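# Geometric and topological summary
What follows is each chain in one-letter form.
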Amino acid sequence: MSKRAFRKLTVPFGMRDGRPVFVSDVALGLGCGCTCPECGEPLIARNRDFPGRRRVRHFQHARASSCPGGVETAIHRMAKEVLATSVAVLLPRWASGDVAIEPESLAIVSARLEAPLIDGAARPDVLLRGMAEEIEFDVLCVEVRVHHAVDAAKRDLLATNGLDTIEIDLSRLTDKAVADPAAFRYEVL
């Protein structure tokens, strides 16, 4: 068996006190006090800089793990946290009925994560309320794509019920962009 088969899974963000954190914001090693967003197991912060470092800073499971989705879950949770704690997000160009809006900033008034809609039939990643130019959004559904786009059934359900929705596509982020807090926030917002 090759060395690669024994390599431990790396995770770009850890969970501490119920919130996702960047590896650059915590202590080195097990002292970070973080757990995996997918399986809840303890993480080690691999965030020490040294000459010749080739890999980006990251978290790693403290013990050998078969955790299937730490990377996707971590990126997904951190993106939702960024949206929930930001004051604005750039909306793409879109049209709804006879109204068309060019890309512009939505001033976020409030954000709720995973709030049920349509009698629990839909649960968007984030519900935003805010103002863009002259248009007030009581509900703007935001879906975060890491590997899988919103499926047709959910898209149709939201559209049929007149809920404006955007999808933020993070599927092409590099490890370097994910590990850099400023770059990650920029890509999300």
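The preceding data block contains the structure.
This report concerns the structure included in the present document. What you see is a predicted model, and the numbers here were worked out from it, not measured in a lab. (Residues numbered from 1 in each chain as written. Predicted model: local features only at pLDDT ≥ 70, side-chain atom pairs only at ≥ 80, totals over all residues. Heavy atoms only, no water.)

## Notes on the overall build of the chain
Across its full length, the chain holds 4 helices and 12 strands. The principal-axis extent of the C-alpha atoms belonging to the chain is close to 60 × 30 × 30 Å. Going through the 189 residues of the chain one by one, you find that 40% of them count as buried. Summarising the internal contacts of the chain: among those between residues at least 6 apart in sequence, 50% fall at separations of at least 24. Here the chain has roughly 11,000 Å² of accessible surface; of this, 50% comes from carbon and sulfur atoms. Here the chain carries 25 positive and 26 negative side-chain charges, and the mean point of each set is 15 Å from the other. (Helix = DSSP H or I, 4+ residues; strand = E, 2+ residues; numbered from the N terminus. Buried < 20%, exposed > 50% of the residue type's maximum accessible area, 1.4 Å probe, protein only. Contact = heavy atoms within 4.5 Å. Areas by Shrake-Rupley, 256 points an atom, 1.4 Å probe, with all protein chains shown as cover. Lys, Arg positive; Asp, Glu negative; His and termini not counted. Charge placed at Lys NZ, Arg CZ, Asp CG, Glu CD.)

## Some points on the pattern of salt bridges
For the coordinates displayed, the defined rule picks out 7 salt bridges. For Glu114, the salt bridge goes to Lys80, with nearest N and O atoms at 2.6 Å. Here Glu114 is found in the loop between strand S9 (104–113) and strand S10 (126–132), whereas its partner Lys80 is found in helix H1 (residues 70–84), with 34 residues between them in sequence. Its relative accessible area of 27% is what places Glu114 among the partly exposed residues. By relative accessible area, Lys80 is classed as buried at 10%. A salt bridge links Asp169 to Arg145; the nearest nitrogen and oxygen atoms lie 3.8 Å apart. Placement of Asp169 in strand S12 (residues 164–169) and of Arg145 in strand S11 (residues 135–145) is noted, with a sequence separation of 24 residues between them. By relative accessible area, Arg145 is classed as partly exposed at 25%. In this structure, a network of salt bridges that share partners links the residues Arg145, Asp169 and Arg172. (Salt bridge = Lys/Arg side-chain N within 4 Å of Asp/Glu carboxyl O.)

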